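# Fold and geometry: a report
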Amino acid sequence: MRRFCILLIVYDSNPSHPFTDSGVYPEDEPIIDTGVYFSANLSKHWYFHLDKPILFDHVISNDGNAYDPETGEFTTPLKGRYMFTVTIRAQFNKEVCAEITRNDEMLGRLSAEYGRIDKASGSMTIVVELEIGDIVKVTHYAVKCGDYFGNGFTAFSGFLFD
């Protein structure tokens, strides 16, 4: 069995950044809680049609209420840099293909096929600059079936980090 670990480090060279050289936030600087983050997954197996958003119905967290589980859309409440992660898993002997979009513009694609690799999944992390009102969502994009494995294995999360 192969295991992979991915570490993402974001370096900010902005000299006006409030952190000290030691990486500690100064006590005299106010900490602003933007409160924009969410995490949701599929609670059960779902079939999604071509170009339709995947509706991550089990919302684990949604601080800022920017994610709507009924539309599958995250609507940007504040301008800034956001990080999103998507993980998909196909149902038994099926293949799924998804893409993450900003205002219907493709930012990235991922796929998973159950059969050749036991319990295969696809995952992607992106960092993107967003404006207020931008819409980020995950859609099923392939003509092939869209039988997504639920039970928490297919998930979508994001947060404002700058």
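Structure first, text after, so check above.
Everything numeric in this text was worked out from a predicted model, so none of it was measured.

What the rule picks out here adds up to six salt bridges. Residues Lys137 and Glu73 are paired through a salt bridge, measuring 3.9 Å at the closest nitrogen-oxygen approach. With Lys137 in strand S10 (residues 135-140) and Glu73 in strand S5 (residues 73-75), this residue pair connects regions lying 64 residues apart in the sequence. Residue classification places Lys137 among the buried positions, given a relative accessible area of 13%.

Moving on to the nonpolar core. The biggest cluster of nonpolar side chains holds 27 residues, and the ones touching the most others in it are Phe56, Phe74, Phe84, Ile100, Val138 and Phe156. At the level of secondary structure, the elements contributing two or more residues to this core comprise strand S1 (37-41), strand S6 (80-89), strand S7 (95-102), strand S8 (105-113), strand S9 (121-130), S10 and strand S12 (155-160). Not counting residues up to four positions away in its chain, the partners in contact with Phe56 are Ala40, Asn41, Leu42, Tyr67, Pro69, Val138, Thr154, Ala155 and Phe156.

For the rest of this paragraph, the subject is the sheet that holds S1. Reading across from one edge, S3-S1-S12-S6-S9 is the order of the five strands in this open sheet, with antiparallel pairing throughout. The open sheet is flanked by strand S3 (58-63) and S9, the only strands paired with a single partner. When the angles between neighbouring strand axes are averaged without regard to direction, this sheet yields 5°.

What counts, and where the lines are drawn
Residues numbered from 1 in each chain as written. Predicted model: local features only at pLDDT ≥ 70, side-chain atom pairs only at ≥ 80, totals over all residues. Heavy atoms only, no water. Salt bridge = Lys/Arg side-chain N within 4 Å of Asp/Glu carboxyl O. Helix = DSSP H or I, 4+ residues; strand = E, 2+ residues; numbered from the N terminus. Buried < 20%, exposed > 50% of the residue type's maximum accessible area, 1.4 Å probe, protein only. Core = buried A, V, L, I, M, F, W, Y, C linked by side-chain atoms within 4.5 Å. Contact = heavy atoms within 4.5 Å. Pairing = 2+ DSSP bridges. Axes fitted to C-alpha atoms, helices over the stretch in contact; angles between N-to-C directions.

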